[in-house]
Amino acid sequence: MKLSVNFILIATLLVVGSLAADHWTYSHLDEWPINCQSGKKQSPIAISKRNAIRIDLKKLKFDNYDNDDIKTTLENNGHTGGGLSSTYVLDNIHFHWGSEHTIDGGRHPLEAHLVHYKQTCGNMVNASNYPDGLVVLAVMFDVACCTNKDLAIVTNSVKSVSKNLHSTLRIQDDFKPEVFLPDNTKCYYMYTGSLTTPGCNEVVTWLMFEDAISISQTQLNQLSQVYTDAGKLLSYNFRPLQELHGRKVFYTSASDCD
Ligand SMILES: *[C@@H]1O[C@H](CO)[C@@H](O)[C@H](O)[C@H]1NC(C)=O
C-alpha cells in the first residue's frame, strides 16, 4: 500500500467542546447520536504497545513540512498491502485535554489532532461519508520545564484571543506544520476508527506518534483556556475510551522503535 498525503495548510485552530449547530456536551454522552453509541469502530481507544501488531509501516516522509506556504506532503509506503494512494488536505488542527487516546494506560495532558480530508472528496463534509475520507495525525504533549519555542507562534496567537466554545482561530504568521511533529516521526501506531465528536463517523485512519512534544505548563494553559457559554473554564474535552471490537492496532516494526 502506498499512502501519500499532501498537506495544504490552512492553519485553523478549532476549539472542541460543542459546536454551534448542535448542543452535545461531554457530560451527557447518552445524548450523543445513536451512531456514537452503537458503532463498532469508534475512537478514541486504549493503545497497548505489547498487543499492537508489528508491521512495516515505513518511515513517514514529510515533504515541504517546513514550508509555510501551501503544499506539504507526507508519504507512507505501505502497511498491509492494501491499495490506498491518495492526497489528503489539512483542514484543521485542534486540541483535546487530557489526551483522548491512552498509550499503555497513560493519559497525556494534551493531544493535538491534525485533521485531513481526502482531496478527491473536496471538503470535510463530503469526506465524512467515505471510509477512507479522513486521516488524522495524533500528537501527544508532555509538560516539561521549559517553553517550547517552536510552538510559541501558536501559543501566543491563542493567548491573544478570548476563546469561547464556538471560536475558530486563524494563525496569521508564518506557521509551519512541522512544529506539531515530534522529533521522532518514525515510531507510530495506526488503526481505523472514527471522529471523536458527534456524529462519530467511522471514516478515520488514525496515525499516532509514539513520542510526545514537550511544552511548558504556561503553554498548556494557553492552549486549553476555553470558556463555556456559562463563562466557566472548560475543564476537559476528551471522549471516554471506546471498545476495540476486534480491530487491530498496528505499530511500526522498524528496529529502532522497540
Ligand atoms: C464527494 O466525494 C466523492 C468521493 O471522493 C467524489 O467522487 C465526489 O465528487 C465528491 N462530491 C463533492 C460534491 O465534492
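Residues numbered from 1 in each chain as written. Predicted model: local features only at pLDDT ≥ 70, side-chain atom pairs only at ≥ 80, totals over all residues.

Undergrad: Help me out: how do you make sense of the overall build of the protein chain in this one?
TA: Scanning the protein chain for helices and strands turns up 4 helices and 15 strands. For the protein chain, the proportion of its 258 residues judged to be buried stands at 35%. In the protein chain, the proportion of contacts linking residues at least 24 apart, taken out of those at least 6 apart, comes to 76%. (Helix = DSSP H or I, 4+ residues; strand = E, 2+ residues; numbered from the N terminus. Buried ≥ 20, exposed ≤ 12 C-beta atoms within 10 Å, placed from the backbone. Contact = placed C-beta atoms within 7 Å.)

Undergrad: What's the story with the confidence of the model for the protein chain in this structure? I'm lost.
TA: Regions with low pLDDT carry predicted coordinates that are not meant to be interpreted in detail. Taken as a whole, the protein chain shows an average pLDDT of 79; of its residues, 74% reach a score of 70 or greater. Mean pLDDT per element in the protein chain: strand 1 (residues 3-8) is the minimum at 37, and strand 3 (residues 46-47) is the maximum at 98. A low-confidence stretch, residues 1-12 stays under pLDDT 50, and its non-local contacts, those more than four residues away or across chains, total 54 contacts. Below a pLDDT of 50 lies the segment residues 69-84, which in the model reaches 50 contacts outside its immediate sequence neighbourhood of four places, other chains included. (pLDDT = per-residue confidence, 0-100.)

Undergrad: In this structure, what is going on with the site of the ligand? I would like to understand it.
TA: In the vicinity of the ligand, the contacting residues are Lys118, Thr120, Cys121, Gly122, Asn126 and Tyr130. Broken down by class, the residue content of the shell around the ligand amounts to 2 nonpolar, 3 polar and 1 charged. (Near = placed C-beta within 6 Å. Nonpolar A, V, L, I, M, F, W, Y, C, P; charged D, E, K, R; others polar.)

Undergrad: When you look at the nonpolar core in this model, what are you seeing that I'm missing?
TA: The nonpolar side chains of a soluble globular protein tend to be buried, and buried together. Core analysis: the largest hydrophobic core is formed by 46 residues, its most contacted members being Val139 and Tyr189. Contributions of two or more residues to this core are made by strand 7 (88-96), strand 9 (110-118), strand 10 (134-143), helix 3 (152-159), strand 12 (188-193), strand 13 (204-209) and strand 14 (213-215). Ranked by the residues each element gives to this core, the list is headed by strand 10, at 7 residues. For valine 139, the residues in contact, after removing those within four places along its chain, are Glu111, Ala112, Phe180, Pro182, Phe209 and Ile213. (Core = buried A, V, L, I, M, F, W, Y, C linked by C-beta atoms within 7 Å.)

Undergrad: I'm lost on the pairing of strand 9 in this one. Help?
TA: Two faces, one strand: in a regular strand the side chains alternate between the faces of the sheet. Most of strand 9 sits inside the fold, with 8 of its 9 residues counted as buried. Here strand 7 runs beside strand 9; their pairing, made up of 8 bridges, is antiparallel. By the bridge assignment for strand 9, histidine 94 is matched with histidine 113. In this sheet, strand 10 lies alongside strand 9 in antiparallel orientation, the contact comprising 8 bridges. From the neighbouring strand, glutamate 111 faces strand 10, where its bridge partner is methionine 140. (Pairing = 2+ DSSP bridges.)

Undergrad: Is there a simple way to think about the environment of proline 44 in this case?
TA: With respect to the helices and strands, proline 44 occurs in the loop between helix 1 (34-38) and strand 3. Taking C-alpha positions, proline 44 is 5.3 Å from leucine 241, a pair spaced 197 residues apart along the chain. If sequence neighbours within four positions are ignored, proline 44 has contacts with Glu100, His101, Thr196, Arg239, Leu241 and Gln242.

Undergrad: In this structure, what is going on with the environment of tryptophan 32? I would like to understand it.
TA: The topology assignment puts tryptophan 32 in the loop between strand 2 (12-14) and helix 1. Given 18 C-beta atoms within 10 Å, tryptophan 32 falls into the partly exposed group. Measuring from C-alpha to C-alpha, the distance between tryptophan 32 and cysteine 200 comes to 9.0 Å, with 168 residues separating the pair along the chain.

Undergrad: What is the right way to read unusual backbone geometry from this model?
TA: A cis geometry characterises the amide bond from serine 43 onward to proline 44, with omega recorded as 5 degrees. The omega torsion of the bond from proline 198 to glycine 199 falls at 0 degrees, within 30 degrees of zero and hence cis. Tracing the chain through its elements places glycine 199 in the loop between strand 12 and strand 13. One non-glycine residue with positive phi stands out, namely aspartate 104, at about 50 degrees. Here aspartate 104 is to be found in the loop between strand 8 (102-103) and strand 9. The phi torsion at cysteine 200 lies on the positive side, around 60 degrees, for a residue other than glycine. Mapped onto the fold, cysteine 200 is located in the loop between strand 12 and strand 13. A tally of 24 C-beta atoms within 10 Å means that cysteine 200 is categorised as buried.

Undergrad: Would you mind showing me how to read the pairing of strand 10 here?
TA: Most of strand 10 sits inside the fold, with 7 of its 10 residues counted as buried. Pairing between strand 10 and strand 13: 5 bridges, direction parallel. From the neighbouring strand, alanine 138 faces strand 13, where its bridge partner is methionine 208. Where strand 10 lies against strand 14, 3 bridges are found, and the strand directions are parallel. The residue of strand 14 that forms the bridge with valine 143 is isoleucine 215.

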